[in-house]
Amino acid sequence: MIFTDWTFFVFFAAVSLVYWDIPSNSWRKIWLLAASCVFYAAWDWRFLGLVLLVIVNTYIVTLTLTLTRKADDRHRRAILTAGIVTSLGVLGFFKYFNFFAGTISSVFGAPRLVVDILLPVGISFYTFHSLSYMIDTYRRKIIPTRNVVDVALYILFFPQLVAGPIVRATDLLPQMRELRSLSGVDARHYLLMFLVGYFKKAVISDNVVRFVDPFFSHPAQYGGGDALLAVLSYTTQIYCDFSGYTDMAIAVAGLLGYQLKPNFNHPYLAANLIDFWRRWHISLSFWLRDYLYFPLGGNRGGSWMQARNIAITMLLGGFWHGAAWTFVAWGGLHGVGLIGCHAWRRWQKHSDRDVGAYSLAGNLITFSWVTFAWIFFRATSFTDARTIIQCFGSFSLPTLAPWQYAVPAAAALVALHVSFYRLDLKAIAAKTHDGVFAAFYGAAVAVLLPFINVKMEPFIYFQF
Amino acid sequence: MRLTPIALAILSFLIVAQGINALALRLGFGDKYAVGTALDRAISAPGTTVLFVGTSRVKYGLDPILFDATMKAKGFHTVSYNLGVPALSFVEMEYLIHEYFKQRPCCVKYVFLEPDIIQEASLREPNSVRSILFFNASNALRNFTYILQEKETPPPPVSKWILAKYVLIPLFRHYTNAGIFQSFLDDTHDNFRAQASLNGFISLAASHDRLSHKFEADASLRSKYDEMLGELSAPYSGARISNKQLVRFLDLMDYIRYNGAKPVVLRPPQLIYALHSAAVVERIQAACSDAIPVLDFGRPSDNEELYDPQNRVDYDHLAFETAERFTQLVADRFAALLDAGALATQTSCMHRAAR
């Protein structure tokens, strides 16, 4: 069940109708929890047990950390370590077992051990939810709840369960304590946000895939024109896919009375890579900053230590995305870019200047670097990535789509992206009369639907 | 919950969706709707008195100009039109005939119907323009009821739920236009622009590779072909179709009669789904051979030249000159029926056949 599928609309309509009719907050949460289980089970019910294990682990560890608030730090650290090892152990086994087995066998020439493991959808996301909650409890940033339903719902809450945004317990748990009221929901804003997300995913992302998949499957068969078209299409696809999903997730949560923080802010308009990571997958970059980069030392200890910490963070960030060296290389490229950015800022004595101050040259360089890095993210092997890069060396017009269509389409997308940057959906929704909004919404859906790809490609980030 | 904004949203959606649909059709979207295009062309053909309705076996197998010339030589004046549509399903056939008589209530005297009542290949592609444009509420309902009435479905075997999905998806898209531009762009075997034709007939190229050549390349095809011929030589079994399916076919013939024309069952030399067509013929002949004329070219032993691999391009379609020969044979047998006055006193045999 994905947000763009009709089954989700039926599911969500049923869930929200019942939800807003339940007078008690406790029962509402139980209802949402049940709905989240159904949502997750729609992929594979067998993995519900795995999520349950992570929930129980998180609950026990946070509760034990509360009970030992006054105990010595070593004791508490041991409890936290046990919790982290359990949650990461689940992730490590299901996501990385074959990767490590394969790497060890190729390094030592040992026979390869391959275990047929299905990757549970959303495992990277709910593991991070669990980790941040346990670490925040350990750091005494949050007083953990004793209500197991709250913990379960925090990890399983269906709008953000399978592909984020990575929500902090400090943001979500307080919202669960009070009864949400329907009149307090900015329905027009969230409906509009859902439509924008749906447009990004179903119209743009799912349609540009026709230029992406054939090229990345057999890159050696194509020339420079197709390479450029396919790589730019993938740059568009991954942004529209992921930010579209996030828009819909935030909107769905919002329509249930819960507010999730934004995860994207027009990243391709970033002036530099530091700015980019404040606009792209914001919840992940802040998670990595707070739970990995800062504990490693962050900016402290001079420029070399900062570079080391950035490199480790970005390499692990790349590894988090997928169990393949190409993802590590992608993270590494971003790490190199970020280190270069910091060095440039120090050299130019711009460190006091606003990181986000726009510059066209900076924007173009950043976009090119990010686009180049996507090659490694999307390629299935280094050999493919090298072949793709070699394609750029040969000049040829695109064959995947005639340039007469591709160029205006690309220009239209850029114009759309910039104009969306200038639009304030919330303000527009607030200003519009109910009737006008409804008529506009109906018409907008009618205009949008003919352009969707009915094959409904799965969201890219579901595989992470 | 306030219902006014919801009603307004639905209303504006429907108005804009209809506008987009009209615009898409104006831009040529409808050209890929094989059933609609064939119907429009048939309706605009002047003075038609004989209509051939069926699948690609009819479309590529019956030349109306030659048919009329042969009939003329035998002293009968006919103006025939080939309303064959590749992979025409039974519900599409019902639709074509109903729409034809609604829009052209006069003139047609004879309607040749191919009894292939389990063909539904084209409607198993819910993303094709053909499915989307065909499945309005009325046709969807017709198809749903037909699915429930079917005794056997054509291969590959699928559940009735999947068949229902093949209807529901295009029905939804019919009214919402969801994804129509993708269907507009994609060319698949079920989604292509209507070919130019003369009186509805499309002649397969004379240079088309013959089935006998294909046998030379792959001997297993030959044995499969012989096996199919063997099956067709055995006595027909009417058990492959349900009573309700037969009633629906007879009902269609009654409708033709009600509109002043006379139906004739024409079974072309077919191999795919041939046993089901044979079942229809067997049931009709057993119950009401006097009431409904049947031109049966489905027995290989009686029509050897039509089944000769040198005269066919594949298991189911005749080569160019064989189609001409088939047309003449149909005209000969039809003229003989007219001479014998066999079509003068047609009556419904619904109550007898469906017993």
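Just so it is clear, the model here is predicted, and its values are computed rather than measured.

Cut-offs and rules
- Residues numbered from 1 in each chain as written.
- Chains lettered and ligands numbered in written order.
- Predicted model: local features only at pLDDT ≥ 70, side-chain atom pairs only at ≥ 80, totals over all residues.
- Helix = DSSP H or I, 4+ residues; strand = E, 2+ residues; numbered from the N terminus.
- Rg over C-alpha atoms; globule rule 2.2 N^0.38 Å.
- Buried ≥ 20, exposed ≤ 12 C-beta atoms within 10 Å, placed from the backbone.
- Contact = placed C-beta atoms within 7 Å.
- Nonpolar A, V, L, I, M, F, W, Y, C, P; charged D, E, K, R; others polar.
- Domains from an automatic or database assignment.
- Pairing = 2+ DSSP bridges.
- Axes fitted to C-alpha atoms, helices over the stretch in contact; angles between N-to-C directions.
- Parallel < 35°, antiparallel > 145°, perpendicular 65-115°, else oblique.
- Expected span 1.5 Å × (residues − 1).
- Arc of directions from axis to C-beta.

### Structural notes on the overall build of chain B
Counting its regular elements, chain B contains 16 helices and 5 strands. Compactness check: chain B gives a C-alpha radius of gyration of 21 Å against a globular reference of 20 Å for 355 residues, within 12% of the reference. Overall, chain B is about 70 × 50 × 40 Å in size when its C-alpha atoms are taken along their principal axes. Across the 355 residues of chain B, 45% fall into the buried class. Summarising the internal contacts of chain B: among those between residues at least 6 apart in sequence, 84% fall at separations of at least 24.

### Quick word on the interface of chain A and chain B
Listed by partner, the interface residues are 16 residues for chain A and 20 residues for chain B. Residue composition of the side of chain A that touches chain B, by class: 12 nonpolar, 3 polar and 1 charged.

### Quick notes on the domain arrangement of chain A
All names here are of chain A. Once the domains are mapped, chain A shows domain 1 (6-179) and domain 2 (187-463). Relative to domain 2, the C-alpha centre of domain 1 lies at a distance of 26 Å. At the interface, 25 residues of domain 1 touch 23 residues of domain 2. Within the residue set of the side of domain 1 that touches domain 2, elements represented by two or more residues are helix 1 (6-21), helix 4 (73-108), helix 5 (123-138), helix 7 (158-161) and helix 8 (169-177). Looking at the side of domain 1 that touches domain 2 residue by residue, the classes come out as 16 nonpolar, 7 polar and 2 charged.

### What to know about the pairing of strand 1 (residues 50-54) of chain B
All names here are of chain B. Burial of strand 1 is extensive: 5 of the 5 residues sit out of reach of the surface. Side chains Val50, Phe52 and Gly54 of strand 1 all project onto a buried face; the interleaved residues Leu51 and Val53 project onto the opposite face, where all are buried too. The pairing of strand 1 with strand 2 (residues 80-84) spans 5 bridges and is classified as parallel. The residue bridging valine 53 from the neighbouring strand is leucine 83, located in strand 2. The pairing of strand 1 with strand 3 (residues 110-113) spans 4 bridges and is classified as parallel. Among the inter-strand pairings, phenylalanine 52 is bridged to a residue of strand 3, identified as phenylalanine 112.

### Considerations on the packing of helix 5 (residues 90-103) of chain B against helix 12 (residues 243-258) of chain B
Residue and element names in this part refer to chain B. Between helix 5 and helix 12, the shortest axis-to-axis distance is 11 Å and the interhelical angle comes to 10 degrees. Accordingly, the angle class assigned to the pair helix 5 and helix 12 is roughly parallel. Contacts between helix 5 and helix 12 involve Glu94, Ile97 and His98 from the former and Leu252, Tyr255 and Ile256 from the latter. Split into classes, the residues belonging to the contact of helix 5 with helix 12 amount to 4 nonpolar, 1 polar and 1 charged.

### Digging into helix 7 (residues 137-149) of chain B
Residues and elements named next belong to chain B. Spanning 13 residues, helix 7 covers 18 Å between terminal C-alpha atoms, matching the ideal 18 Å at 1.5 Å per step. Regarding helix 7, the residues found buried are Asn139, Arg142, Asn143 and Tyr146. Buried residues of helix 7 fall within an arc of 95 degrees about the axis and therefore sit on the same side. Along helix 7, exposed side chains directed more than 90 degrees from the buried face belong to Ala137, Thr145 and Leu148.

### Regarding the sheet that holds strand 5 (residues 294-296) of chain B
Residue and element names in this part refer to chain B. Taken together, the 5 strands give an open sheet; going across it, the order is 2-1-3-4-5, and neighbouring strands pair in parallel fashion. Two strands bound the open sheet, and with one partner strand each, they are strand 2 and strand 5. Neighbour to neighbour, the strand axes of the sheet diverge by 20 degrees on average, direction disregarded. Pairing geometry for strand 3 and strand 4 (residues 262-267), over 4 bridges, is parallel. Its bridge partner lying in strand 4, leucine 113 is registered against valine 265.

### Focus on unusual backbone geometry
The backbone of A:Arg140 sits at a positive phi, close to 65 degrees, despite the residue not being glycine. Along the chain, A:Arg140 turns up in the loop between helix 5 and helix 6 (148-156). Even without being a glycine, B:Cys107 presents a positive backbone phi close to 85 degrees. Summarising the element assignment, B:Cys107 is placed in the loop between helix 5 and strand 3.

### What to know about the environment of B:Arg248
Residue and element names in this part refer to chain B. Relative to the helices and strands, arginine 248 resides in helix 12. Arginine 248 gets classed as buried once you count the C-beta atoms within 10 Å, which come to 20. A sequence separation of 154 residues divides arginine 248 from glutamate 94, and the C-alpha atoms of the two residues are 9.1 Å apart.

### Notes on the packing of helix 3 (residues 48-67) of chain A against helix 4 of chain A
All names here are of chain A. At their nearest, the axes of helix 3 and helix 4 sit 10 Å apart, and the two run at 170 degrees to each other. The orientation of helix 3 relative to helix 4 falls into the category roughly antiparallel. Between helix 3 and helix 4, the contacting residues are Leu50, Leu53, Val54, Asn57, Val61, Thr64 and Leu65 on the first element and Arg76, Ile79, Leu80, Gly83, Thr86, Ser87 and Val90 on the second. Here the contact of helix 3 with helix 4 is built from residues that sort into 8 nonpolar, 5 polar and 1 charged.

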